[in-house]
Amino acid sequence: PDKNREHYSFSVQDEWRFANDWELTAGLRYDSFTQFGDSINPRLALVWSTAYNLTTKFLYGRAFRAPSFGELYAQNNPALIGNASLDPELIDTYEVAFDYRPSYELDIKLNVFHYKIKDLIDVQFNTEATNALKQSGHGFELEMVWRPSDDLTIISNYAWQNAEDDVSNAQIANAPKRQFYLRSVWALNQTMTASSVVNWVADRARAPGDTTRSAIDDYTSVDLILQYSPAVEGLDISLVGRNIFDEDMREPSTSQFLAAPEIPND
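Here's a quick rundown of the structure. Nothing here was measured: the structure is a model prediction, and the numbers come from that model. (Residues numbered from 1 in each chain as written. Predicted model: local features only at pLDDT ≥ 70, side-chain atom pairs only at ≥ 80, totals over all residues. Heavy atoms only, no water.)

1. Observations concerning the nonpolar core
Grouped together as the largest cluster of nonpolar side chains are five residues: Leu72, Tyr73, Leu86, Ile121 and Ala129. For isoleucine 121, the residues in contact, after removing those within four places along its chain, are Arg65, Pro67, Glu71, Leu86, Asp87, Glu89, Ala129, Thr130 and Asn131. (Core = buried A, V, L, I, M, F, W, Y, C linked by side-chain atoms within 4.5 Å. Buried < 20%, exposed > 50% of the residue type's maximum accessible area, 1.4 Å probe, protein only. Contact = heavy atoms within 4.5 Å.)

Following this line, the structure appears as structure tokens:
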């Protein structure tokens, strides 16, 4: 059916340097929707200049996702039956971040996080959408930028996360539990650069009930890029080799019919 939504929002933020080495940023956002009422979401960031080369941040935030028109009102569609009584999805995130710069050539960042989501909207075939799911997760990401010389820059990060469905305690499907990225950029001369990119993705779980397929394989891809920038404004020429070792890289496919996925081999 034809439906109308009115949405009003208001936000306020303040930054307070209450000591030489401490700064607090606090914000609040208010949203009002005609379908489900109000949502109030705070954010806080406490920044501590721990040392001349180390910054520590303590972060908290809440956010929401309003139900879509389809999730609220869809009819005559067995794949999605709307529910006008849905509430918005809510997430609370907690983070501690460190930015360490021991020298001009090296920058190291570490971010540790935890989150909880409630009222996740669940859509099952031929059933009404509901706020049935909860999810929580934690993990960290380590990032490094190193410039060993004026001509060479190396960028790398490693991420680990563990996310679970709080109802079934099952690992969240399809999301990689571990990931590693490495990129090097070498300036051959004033007009030409050579780059390499390595990307490793690992530990992706199948959805509960998806028992007909084997586990999703990990993969490592390698790309090579040669870029030429002549003295012509607006012109760049690149030669790019994607997945040069011909790795069998597959992204997981999903389906509401777990016994018969639409793309069986991912």
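2. Side note on the packing of aromatic side chains
Per the stated rule, a full pass over the model turns up nine aromatic pairs. Aromatic side chains phenylalanine 18 and tryptophan 22 sit 6.4 Å apart centroid to centroid with 25° between the ring planes, which places their arrangement in the stacked category. Ring geometry for phenylalanine 33 and phenylalanine 64: centres 5.8 Å apart, planes at 80°, overall edge-to-face. Within this pair, whereas phenylalanine 33 is found in strand S2 (residues 22-33), its partner phenylalanine 64 is found in strand S4 (residues 54-65), the two being separated by 31 residues in sequence. These aromatic residues form a ring-pair network of at least three members: Trp16, Phe18, Trp22 and Trp48. (Phe/Tyr/Trp six-rings, centres within 6.5 Å; stacked < 30°, edge-to-face > 60°. Helix = DSSP H or I, 4+ residues; strand = E, 2+ residues; numbered from the N terminus.)

3. A short note on the environment of phenylalanine 98
As for its placement among the helices and strands, phenylalanine 98 is situated in strand S5 (residues 89-103). Given the relative accessible area of 31%, phenylalanine 98 is considered partly exposed.

4. Here's the deal with the layout of surface pockets
A probe matching the size of a water molecule, rolled over the atoms, marks out where space remains unfilled. Of the volumes computed, that of the second largest pocket is approximately 210 Å³. Taken together, 15 residues form the lining of the second largest pocket, with Gly27, Leu28, Arg29, Asn41 and Arg43 sitting closest to its centre. Mapped onto the lining of the second largest pocket, the elements with two or more residues apiece are strand S1 (7-19), S2, strand S3 (37-51) and S4. If you tally residues by element for the lining of the second largest pocket, the top one is S2, at five residues. (1 Å grid on protein atoms, 1.4 Å probe; cavity = no way out; pocket = protein on both sides within 12 Å on 5 of 7 lines; lining within 4 Å. Points joined across faces, edges and corners; volume = space filled by probe spheres on them.)

5. Considerations on the pattern of salt bridges
All told, the structure shown has 15 salt bridges when counted by the stated rule. We note a salt bridge from arginine 101 to aspartate 107, for which the minimum N-O separation is 3.5 Å. Residue classification places aspartate 107 among the buried positions, given a relative accessible area of 12%. Among the ionic pairs, arginine 242 bridges to aspartate 223, the shortest N-O distance being 3.5 Å. Placement of the pair is arginine 242 in the segment after strand S12 (237-241) and aspartate 223 in strand S11 (residues 219-228), with a sequence separation of 19 residues. Taking the relative accessible area as the measure of exposure, arginine 242 reaches 60% and is therefore exposed. Connected via shared salt-bridge partners are Arg206, Asp210, Arg213 and Asp266. (Salt bridge = Lys/Arg side-chain N within 4 Å of Asp/Glu carboxyl O.)

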